[in-house]
Amino acid sequence: HSSLNTNAYVESWHRTLKETYLANIRSQRIDGLVYILHEIIALDFMSHDTDVRANLRRRVMNKAEKERQQCALDLSGK
């Protein structure tokens, strides 16, 4: 996983969490955060995944994922 920059993924996820899901939360108590993570964010991710699998939404790949996909296609001769 040398080409995978996990720190960038973590920072991106943290920014999304703060700006999208926690932007209007005044009191960030742990029980409220757990509720948001479990009930709202998990459902959003499941809904997005379902849409991608049903071809209702396109999956967006980052540069590293595109490179791995192209490598796999090259190996398979496609």
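First things first, this report covers the structure right here in the doc.

Cut-offs and rules
Residues numbered from 1 in each chain as written. Predicted model: local features only at pLDDT ≥ 70, side-chain atom pairs only at ≥ 80, totals over all residues. Heavy atoms only, no water. Helix = DSSP H or I, 4+ residues; strand = E, 2+ residues; numbered from the N terminus. Buried < 20%, exposed > 50% of the residue type's maximum accessible area, 1.4 Å probe, protein only. Areas by Shrake-Rupley, 256 points an atom, 1.4 Å probe, with all protein chains shown as cover. Lys, Arg positive; Asp, Glu negative; His and termini not counted. Charge placed at Lys NZ, Arg CZ, Asp CG, Glu CD. Salt bridge = Lys/Arg side-chain N within 4 Å of Asp/Glu carboxyl O. Axes fitted to C-alpha atoms, helices over the stretch in contact; angles between N-to-C directions. Parallel < 35°, antiparallel > 145°, perpendicular 65-115°, else oblique. Contact = heavy atoms within 4.5 Å. Nonpolar A, V, L, I, M, F, W, Y, C, P; charged D, E, K, R; others polar. Core = buried A, V, L, I, M, F, W, Y, C linked by side-chain atoms within 4.5 Å.

**Regarding the overall build of the protein**
Consideration 1: Across its full length, the protein carries 3 helices and 0 strands.
Consideration 2: Along the chain direction, N to C, the helices and strands of the protein fall in the order α-α-α.
Consideration 3: Dimensions of the protein, computed from the C-alpha atoms along their principal axes, are close to 55 × 30 × 15 Å.
Consideration 4: The proportion of buried residues among the 78 residues of the protein is 10%.
Consideration 5: Just so you have it, the protein exposes about 7,000 Å², and 54% of that area is on carbon and sulfur atoms.
Consideration 6: Within the protein, the 10 negative side-chain charges are centred at a point lying 3 Å from the centre of the 12 positive side-chain charges.

**What to know about the pattern of salt bridges**
Consideration 1: This structure, assessed with the given rule, holds 3 salt bridges.
Consideration 2: The partner of R53 in a salt bridge is D49, with the nearest N and O atoms 2.8 Å apart. With R53 and D49 both in helix 2 (residues 30-53) and 4 residues apart, the pair spans about one turn of that helix.
Consideration 3: For R53, a relative accessible area of 66% corresponds to the exposed category.
Consideration 4: Residue classification places D49 among the partly exposed positions, given a relative accessible area of 34%.

**Points about the packing of helix 1 (residues 6-21) against helix 2**
Consideration 1: Put simply, helix 1 and helix 2 touch, their axes get as near as 13 Å, and they point 105 degrees apart. Judged by the inter-axis angle, helix 1 sits roughly perpendicular to helix 2. Between helix 1 and helix 2, the residues in contact are W13, L17 and Y21 and I36, L37, I40, I41, D44 and F45, respectively.
Consideration 2: For the contact of helix 1 with helix 2, the per-class residue count stands at 8 nonpolar, no polar and 1 charged.

**Quick look at the nonpolar core**
Consideration 1: The biggest cluster of nonpolar side chains holds 5 residues, and these are L17, Y21, L22, I36 and I41.
Consideration 2: When residues of this core are traced back to their parent elements, those giving at least two are helix 1 and helix 2.
Consideration 3: Those residues in contact with I36 that sit more than four places away from it in its chain are Y21, L22, I25 and I41.

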